[in-house]
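# Architecture at a glance
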Protein chains: 4
Amino acid sequence: MTASPNELVERIAGFTIETQSWGYVSTGTRFKVFNTPGTPRTVHEKVDDAALVHRLTGVTPTVALHIPWDRTDYAELRRYAEEQGVRIGSISPNIFQDDDYHHGSFTNPDPAIRAKAVATSVECVGIMRTTGSKQLSMWVADGTNYPGQGDFRRRRAWLQDSLQQVYDALDPDMSMILEYKLFEPAFYHTDISDWGQSLLLCQELGDRANVLVDLGHHALGVNIEHIVATLLGQRRLGGFDLNGKRYADDDLMVGSTNPYELFLIMAEITHALADPDPGIAAGAADVLFKIDQCAMVEEKLPAMLRSIEACQIAYAKSLLIDRDELRKAQDTGDVVGANTLVDSAFQTDVRPFLWQARELLGGPADPLRAYLDSGLPERLAAERIGAPAGW
Amino acid sequence: MTASPNELVERIAGFTIETQSWGYVSTGTRFKVFNTPGTPRTVHEKVDDAALVHRLTGVTPTVALHIPWDRTDYAELRRYAEEQGVRIGSISPNIFQDDDYHHGSFTNPDPAIRAKAVATSVECVGIMRTTGSKQLSMWVADGTNYPGQGDFRRRRAWLQDSLQQVYDALDPDMSMILEYKLFEPAFYHTDISDWGQSLLLCQELGDRANVLVDLGHHALGVNIEHIVATLLGQRRLGGFDLNGKRYADDDLMVGSTNPYELFLIMAEITHALADPDPGIAAGAADVLFKIDQCAMVEEKLPAMLRSIEACQIAYAKSLLIDRDELRKAQDTGDVVGANTLVDSAFQTDVRPFLWQARELLGGPADPLRAYLDSGLPERLAAERIGAPAGW
Amino acid sequence: MTASPNELVERIAGFTIETQSWGYVSTGTRFKVFNTPGTPRTVHEKVDDAALVHRLTGVTPTVALHIPWDRTDYAELRRYAEEQGVRIGSISPNIFQDDDYHHGSFTNPDPAIRAKAVATSVECVGIMRTTGSKQLSMWVADGTNYPGQGDFRRRRAWLQDSLQQVYDALDPDMSMILEYKLFEPAFYHTDISDWGQSLLLCQELGDRANVLVDLGHHALGVNIEHIVATLLGQRRLGGFDLNGKRYADDDLMVGSTNPYELFLIMAEITHALADPDPGIAAGAADVLFKIDQCAMVEEKLPAMLRSIEACQIAYAKSLLIDRDELRKAQDTGDVVGANTLVDSAFQTDVRPFLWQARELLGGPADPLRAYLDSGLPERLAAERIGAPAGW
Amino acid sequence: MTASPNELVERIAGFTIETQSWGYVSTGTRFKVFNTPGTPRTVHEKVDDAALVHRLTGVTPTVALHIPWDRTDYAELRRYAEEQGVRIGSISPNIFQDDDYHHGSFTNPDPAIRAKAVATSVECVGIMRTTGSKQLSMWVADGTNYPGQGDFRRRRAWLQDSLQQVYDALDPDMSMILEYKLFEPAFYHTDISDWGQSLLLCQELGDRANVLVDLGHHALGVNIEHIVATLLGQRRLGGFDLNGKRYADDDLMVGSTNPYELFLIMAEITHALADPDPGIAAGAADVLFKIDQCAMVEEKLPAMLRSIEACQIAYAKSLLIDRDELRKAQDTGDVVGANTLVDSAFQTDVRPFLWQARELLGGPADPLRAYLDSGLPERLAAERIGAPAGW
C-alpha cells in the first residue's frame, strides 16, 4: 500500500520547510563573494524574500534568523514578519566571527571568552522569547588546525559545560538542536565532528537537546539515511540543515548533487511517521526541515524555490514506496525485489501531484516560473541599490 | 617534562601487543590469495609463530583466536600455547562466513539464524573460560548492498537483542569489545558503521561492553585520535585492531601508510595514562592493542615484526611530548609552538631506546634481522609443506 | 528541442549493452562468496544466461568473455552463442590470478613473467579472431602495497613495453580498451590509477588504444562525466565498465547508488552523438557499454535485468534534455535555468517509452517480471546442480 | 649507498624553496579572516618578511608575487627586493576575483571576459620581464556548481585557446606552470581538475608548459608521489605548491598532516635527480618548490619557518634511502625489506644535518627560535599598525 493520489497531495501540501535569512543574501567562497541584483540589504528585506517564497510555495511559513547578522528590534521584526505572512523560526547564534573567537568559543582556554560565547547564546534565548521561536540552532565551529594545538578532552569538558549553561537557559517549551560537522573552519579536528559527538553531548544535556543533521557535513561515503534512522530510533533527531554537497560543505541547492540520497533520507522520515510506536512517530513529526544553502553563483530566490521543490519531490516520492510489499521482500531475502520497490517510487514523476498541492494551497503551479514572469526580479534589482547583506 | 631515557626504555619494554592467529596465514583480496613459503597449516603452527614473535620481541605475550578458523581442543591448545610461552588472548567469533549468513547474522530476518549467530558467540564465551581469555572481540559484518534491502530500525532492534544475549553470557571478569566498520562486506549500509553506532550499543549493553577501534574502518579524513580521546573520556575504549590503511580496509602493516597518525593515536593513550582522574588512567591502562593485518603480498612473520616495531616507535615517541610545555602553549594560543612540541617528539629517532628495551627483555636488538638470519625462514618453508591455513 | 516520443523509443531500442560472462556467476568479497540457486556451472551456461537476457531485453546482443575463466573450444563456443542468438563481445585476459603474478604481471621485475603476461594477452587476440571479437579489454591489476616496494618509473617502462607488444599483435580492425583503477588489489599505488595514466599509455600505443571507464574505479568525489566529456573530445573513450559504487570498487547493480550520476554520464554520450564534428560523433557511436557487476547477495539474472533497465532509463532521460534551451541558459549565465532543464529531463518518468521500445523489439514489457513468472528461475535452480562457476 | 654526512649537509644547503607573498598576510576561511599582530600591510612589507625568512634560513632566495594583490611599480619592487637580498620568483595572475569572472575567466561564454583574463595574464608576462621572473604560475579557478551550468567540451576549447594566447606571449626563456585542483571555488566540476587535465593542456600548449602539483588539490587517497614520478618521466613536472591538507584544500603548514607523504614525494625528486637519463635528471633539477599556505590561526612568520624546515627534513631523509639496496629488494620481491629501507631513512633524525647546513649558510641553527628571541615579533607588531594586507 502506498499513499493514494489525494493523500499524496495533502501530505505534500502539509509538508513545511523553513527558509533561512542568510539564504537570501550574498555569500561565496574564501576567494570571492559574487553579488546578484536584487539582493536584500537588511533583515527586513530578507524577511520580505522569505515571505515572497512562502506566498509562491505555500509551504515555508517560518524563517530562521542568525544573530548578529539579523540584529534588530526583535519585537518589531516579529510583527513585520507576521504582517508579511511568515513567522520567525529557529535562531542561530554566531559564535565564530568575532576576533575573540580566534582560538575558539565554547572551547576557548580563556574562561572570559567561553563566558562571552555562552552569553551570546543565552541572548538568543531571549530573542526566541520575543520572536516566538522555539528552537535554538547551535553550531559550534570550534576545532584545531594542528596536532597539539588543543587538548581534546579538556576542550570537551569546556564544551559540555558551556552548552549546559545555554541549555539550562531554555524555557521548558524550547529545545536545542546541535549541529555537527566534519571539518571547516578547522582542518585538523572539529570538536563536534560527527553525529556521535553531537548525540553524546545531547544525552548529557537533557531531553530537549537533539541532533541537527546538515546534509553537507559528513565524510564522503557516509550513509546519512542510516544516521537519520538511528537518531529517529533514539528520538534524538532534531532537524536538518538541507543543502547539496559533492566534495566538502558545498552548500549547494538541495538535491542538486544526488537527488536519490535526498529521497532515501525523506523515506526514513515518512517511514518513522508511520511507526507503530507513537513516540517514534511523534519524534519524526517534530523534525525541523531547514534550508541551509549559499547561492554563490546563481540567483538566490530561484535557487531557494528550486530547493523547496527538490524537497517536495523527494518527500512525495518517498510516500510512494509500498511498505507492505517492501517488508515482504525484506523478510524473504528478495534483494532485487526490495530495491525495485524503492526504485519504482523514485522513478515516478510526482510533479503533477506537486501542481495539485500548490493549487490546494492557493499558489501558482510553477513557483519559479511565476516568480520569473512576475516582474519582481527586475523590480527588486531596481529597488535594492547599495550594499547587499552578506555574512 | 618528558620521559627520561630510563623511563622510556622501561615503558617500551612494558608496552604489550597482542598478535592474532590469522595474521600468520595466507590472506588476500577477492581477486587472489597468494601464499608464501612457511605459512602455518594448523592452529598449533599459528601459535608457534606467535610464540616465536614473542621470543623475538618480548612484548607479544598473547595471541588472539578466531573461531571456527582455530577450532580445536581448546584446553590442549591452552597448554600448548603456555608451553611455547604465550597465552590465549581475545576470542573472535566468525558469524559471516556460513551460507546461513547470506542475509545477515544478528540482523537476519530469520530468528533461527539470529539464534545460531548468538549460539556461536556464546560458544566463544565457553572457549574463553577454557583458554583463560577475558575479551570477546565482536565484529558484526551485517549490512545491506541496496536501498530497501533492509529496514534500518528493525535490524537495529535485532542487533541489540542478539548482542545483549551474548553480553549476558559473559562472566563478570570478562568484557566485550565491539567493532565498527564503515563498509565491506556490505556496500550500502553497515549496521555498526562508526564509533557512534558502536558506543550506543555498548551503552545499552552494560559497563563491560566497550568500543573496538580498527584503524582501517573509518571514512577518509576522519580524525581517529579524536575518537580515541572521546572514548577514553567516556571510559569506553576497549581496544584497537591495528593495521595500515590508505583507501579502504586495506589491512596493511601497522604505520605503513601514515606513521604520524599512529603516533598521534598513541599520544592520546599515553596522555590518558597520566590523567589525574584515576578512572581515565585505569581505562587507558586496560586498552587492548591487537594487531589485525593481512600480509597479502609480503612475508608474514617479517610483516608482523615490522608492525610491532611501528607500534613501539609510535608509543615511545608519544612519551617524548613535553606535556607541561604543551599545555602552556595551548593555553596561550601559541599554535606553532604547540605543534612544534608534538613534531619535535615525532622527529626524534627512538630506535636506540627500542634496542635497549629489547636488551632489557632479553631478546635481540633487531628482531627482524635476527629472524631472517636464524635459518628459520628456510626451515619453516621446508617443513610446512602442504595446504597453508587461510580464511 | 528534445527527442520526440517516436525518436525516443527508437533510440532506446537501438541502444545496445554488452553483458559479461562473469556477471552470471557467483562472486563475493574477500570474506565470503555466497551462491544463489541456478548459477551457471560452465561457460555454455553463462552464454545461455546472456542469451536469455538478450531474448528478454532485445538490447544485449553480445557477451564478454574472461580468459581463462571461459577457456573452451572457442570456435565451438562462437557457434553455440550464435545459435542462442548472441555474439561474443570483448575479450579480457586475466593476468592477476596466477601465482606467477604475486609481484605483478606487465610490471614484474622478472622478464619471464612479463613475457608470460604478454603471451596470455596475445593469446586473447587469437581468441578474438576465432570468436569474431573486435575489442581487447585490458585490466592491468599491478601496483604495490608499500612505499619502496616498486620503482614507479621502471615499472612504467615495463608496462608501456608490455602493452605495446600486445597492441602490436592486434589486427587492424581490432582495438584495445585500457582500464584504470584507483586501488585494489594494490593498496599503496596502482600503475594505471586514473584516466590520465591510461590516456598517456594509449597516446603512446597508437590510435586504436582507448580508455575504458569503470564507474567504480575513481576516488570519491571525482566527476566522471567530466572525464567522459574530455575523453570524447580527445576521441579516446573506448567504453565503459558499468556498475554501481558508493565506497570502493563495490561492483553493485548499475545506477543503484546514484542514478543521477549515471544519467549525467549518458548525457555526455548523447550530447557527443549530436556533435557537429563528425569525428566526435563517430567516436561516441563506437563507445562500448559493458556491464561489469558482481551480484554478491542478490539473484544474478534479476540483477542483470535491473542494471540494463537502469542504463536504458538514464540514456532515455538524457535524450530529453532540451539542448537548444540549455545552450541559451549557459550563454546567458542563467545557472538555475540551465540546471532546471537538466533536472526536468531527469524527473520525467521514461518507463512508458521503455515499454514501447521493448514492444518494438518483440520482447516483454517488463523483462524482470517476465523472467520471474516464467518458471525459469525454478527450472534453472533444479537443473544446475553442482559446483557453480565463480572467479 | 646513501648520501654521506657531508654530502647531505651540502645537499640540504643547496635545496632552495620559494616563499609566496600571500603567505605572509592575513587569510582565512569563508567564515572569518583572523589577523595576527605584525602582518604586512604592503607588498614591500611582504618582501621584507620574505627577505627576513631568507636571512634566517638561507634557502628561500625568491618570493612569488600575485597580481593584482601585489600591484606596484615593479622595477622599483625588483630593486627593493634585491636590496633586501631576495629576487622576485614566479608570478601568478589573479583571474578569479573580479566581478567579471562571476561565470568564469578563460571559459567564460563572453569572449570579452575571456579576452580580459588573457590580457591580465599577458600583463603578468610583462611583469616577469621587469622583475626577472621566469615562471608564470597559472591557476584557472573556473568550473561549475551544477549539472548543465556549462558545456564541458565548449569550455575546454575556450580554455585551450585562452591558455595558448598566454603561452605564446612568453619569452623563450620563460615557462608556464599550470595548476590543477579537484574542487573549490567550483563544486560540481572544475575545468582543470586533475593532473591529467593539466598535462593534456600542456601537451597542446608546447614544451615550456608544465604541470604544477599543489599538494592540497587531490581527491582523498590519491597517491601524489606516483603522479610526481609520472610527470618527471614525461619531463612535465613544473613545480609544487607546497602545503598541508587533510580534508580539502586546507592550505596548512607543509608536512603538518602527513610528513611521511612529503618525504615520499621528495624521494621521487631525489631519485630522479640521480637518474641515468640526463633529461630526467635535468627536469628534476628545474622543479620549482613553492610554499603555498595560508596561516589562518597561527603566527605567519613562524608558520613559514616551520614549513621550510619540514621541506628540508623530508628532502634530507629522502637522500638517506639506500637506492642500491632498495633496487635489490625490489628485484627479488622482498617487500618488507624494500619498505624497511624506506622506513629506515624516514626514522632517522636529520635535524643535526639541518643545523650544520644552516651553519654552512651562515644562519642560525634554529631559525624559528632565533626569530622568536630576536625582538622582531614585538617590533613588527608595534610598527605595522593599520589594515593588514589580505586576499
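Residues numbered from 1 in each chain as written. Chains lettered and ligands numbered in written order. Predicted model: local features only at pLDDT ≥ 70, side-chain atom pairs only at ≥ 80, totals over all residues. Heavy atoms only, no water.

As annotated in an unreviewed UniProt entry, chain A carries the name L-rhamnose isomerase/sugar isomerase and is attributed to Kribbella aluminosa.

In the numbering adopted here, UniProt assigns the feature "domain: Xylose isomerase-like TIM barrel" (unreviewed entry) to residues 65–250 of chain A. Taken end to end, residues 65–250 of chain A is 39% helix and 19% strand, and its two terminal C-alpha atoms sit 21 Å from one another. (UniProt positions renumbered as here; feature names shortened; annotations may be inferred. Helix = DSSP H or I, 4+ residues; strand = E, 2+ residues; numbered from the N terminus.)

This part is about the relation of the copies chain B and chain C. Rotating chain B by 180 degrees about the axis while translating it 0.0 Å along that axis superimposes it on chain C, leaving an RMSD of 0.0 Å. In the structure described here, the two chain copies are related by an operation that fits a two-fold rotation axis. Relative to the rotation axis, the C-alpha of Arg 30 of chain B is the closest in chain B, positioned 2.0 Å from it. The overlap is high: 100% of the interface residues of chain B also sit at the interface in chain C, so the same surface is used on both sides. (Least-squares fit on C-alpha atoms with pLDDT ≥ 70 in both. Contact = heavy atoms within 4.5 Å.)

Before going further, it helps to examine helix H8 (residues 259–273) of chain B. If you check H8 of chain B, its first and last C-alpha atoms are 21 Å apart, about what 15 residues at 1.5 Å a residue would give, namely 21 Å. The element H8 of chain B is extensively covered by neighbouring structure, given that 13 of its 15 residues are classed as buried. (Expected span 1.5 Å × (residues − 1). Buried < 20%, exposed > 50% of the residue type's maximum accessible area, 1.4 Å probe, protein only.)

Let us look at the relation of the copies chain D and chain C. Rotating chain D by 180 degrees and moving it 0.0 Å along the rotation axis overlays it on chain C with an RMSD of 0.0 Å. The overlap is high: 100% of the interface residues of chain D also sit at the interface in chain C, so the same surface is used on both sides.

Turning next to the packing of helix H6 (residues 195–205) of chain C against helix H6 (residues 195–205) of chain D. Interaxial distance between H6 of chain C and H6 of chain D falls to 8 Å at its minimum, and their mutual angle equals 35 degrees. Judged by the sense of rotation from one axis to the other, the crossing of H6 of chain C with H6 of chain D is left-handed. Residue-level inspection shows Trp 195, Gly 196, Gln 197, Leu 199, Leu 200 and Gln 203 of chain C of H6 of chain C in contact with H6 of chain D, the latter providing Trp 195, Gly 196, Gln 197, Leu 199, Leu 200 and Gln 203 of chain D. In terms of residue class, the contact of H6 of chain C with H6 of chain D is built from six nonpolar, six polar and no charged. (Axes fitted to C-alpha atoms, helices over the stretch in contact; angles between N-to-C directions. Left-handed = near helix turned anticlockwise from the far one by under 90°. Nonpolar A, V, L, I, M, F, W, Y, C, P; charged D, E, K, R; others polar.)

This part is about the pattern of salt bridges. Once the charged atoms of two side chains with opposite charge are near each other, the side chains can pair. Residues and elements named next belong to chain A. In total, this model carries 116 salt bridges over all chains according to the counting rule given. One salt bridge in this structure joins Arg 71 and Glu 123, with 3.2 Å as the shortest N-O distance. Of the two residues, Arg 71 sits in the loop between strand E2 (62–67) and helix H3 (74–84) while Glu 123 sits in helix H4 (residues 111–131), which places them 52 residues apart along the sequence. Relative accessible area serves as the criterion here: at 48%, Arg 71 is assigned to the partly exposed category. The class of Glu 123 is partly exposed, set by a relative accessible area of 31%. (Salt bridge = Lys/Arg side-chain N within 4 Å of Asp/Glu carboxyl O.)

Another point: the environment of Val 43 of chain C. All names here are of chain C. By the secondary structure assignment, Val 43 is in helix H2 (residues 43–57). Look at Val 43 and you get buried, because its relative accessible area is 10%. Excluding residues that lie within four positions of it along the chain, Val 43 makes contacts with Leu 65, Asp 70, Thr 72 and Leu 77.

Here we come to the state of the cysteines. In the structure shown here, the tally under the stated rule is zero disulfides over all chains. Cys 294 of chain A takes part in no disulfide bond, and the closest cysteine sulfur, belonging to Cys 311 of chain A, lies 15 Å away. Lacking any disulfide linkage, Cys 124 of chain C is separated from the closest cysteine sulfur, that of Cys 202 of chain C, by 17 Å. (Disulfide = S-S within 2.5 Å.)

Further remarks concern the interface of chain B and chain C. Across the boundary between the two partners, chain B contributes 42 residues, which contact 42 residues of chain C. Taking both sides of the interface into account, the surface hidden between chain B and chain C amounts to around 3,900 Å²; carbon and sulfur atoms contribute 61%. Considering only the side of chain B, the residues that lose the most area to chain C are Arg 30, Phe 31 and Tyr 146 of chain B, jointly responsible for 23% of the buried surface there. At the surface where chain B touches chain C, the tally comes to eight salt bridges. Where chain B meets chain C, there are 20 residue pairs in polar contact (both at pLDDT 80 or more). Of the residues belonging to the side of chain B that touches chain C, the class tally is 20 nonpolar, 11 polar and 11 charged. (Buried area = accessible area lost by both parts, 1.4 Å probe. Polar contact = N/O pair within 3.5 Å; in protein donor to acceptor, adjacent residues only side chain to side chain.)

This part is about the packing of aromatic side chains. A full pass over the atoms with the stated rule returns 58 aromatic pairs over all chains. Members of the aromatic cluster, joined through ring pairs, are Tyr 260, Phe 263 and Phe 346 of chain A together with Tyr 260, Phe 263 and Phe 346 of chain C. A cation over a ring is seen here: Lys 116 of chain C above Tyr 101 of chain C, with NZ or CZ 5.3 Å from the ring centre. The residue whose ring lies beneath Lys 317 of chain D is Phe 346 of chain D, and the NZ or CZ to ring-centre distance is 4.3 Å. (Phe/Tyr/Trp six-rings, centres within 6.5 Å; stacked < 30°, edge-to-face > 60°. Lys NZ or Arg CZ within 6 Å of the ring centre and 35° of its normal.)

Residues and elements named next belong to chain C. Packing of helix H3 (residues 74–84) against helix H4 (residues 111–131) brings their axes to within 9 Å, and their N-to-C directions diverge by 40 degrees. In terms of orientation, H3 and H4 fall into the oblique class. Regarding H3 and H4, the two cross each other, and that crossing is right-handed. Contacts between H3 and H4 involve Tyr 74, Ala 75 and Arg 78 from the former and Glu 123, Ile 127, Arg 129, Thr 130 and Thr 131 from the latter. (Parallel < 35°, antiparallel > 145°, perpendicular 65-115°, else oblique.)

This part covers the interface of chain D and chain C. Between chain D and chain C, the contact holds 53 residues from the first and 53 residues from the second. Across the interface of chain D and chain C, roughly 4,300 Å² is buried in total on both sides, 54% from carbon and sulfur atoms. For the interface between chain D and chain C, the tally reads four salt bridges. For Asp 275 of chain C, the salt bridge goes to Arg 153 of chain D, with nearest N and O atoms at 2.8 Å. Seen at the junction of chain D and chain C, the total is 23 residue pairs in polar contact (both at pLDDT 80 or more). Sorting the residues of the side of chain D that touches chain C by element identifies helix H5 (152–169), strand E7 (189–190), H6, helix H7 (224–234), helix H8 (259–273), helix H11 (323–331) and helix H12 (335–347) of chain D as the ones contributing at least two each.

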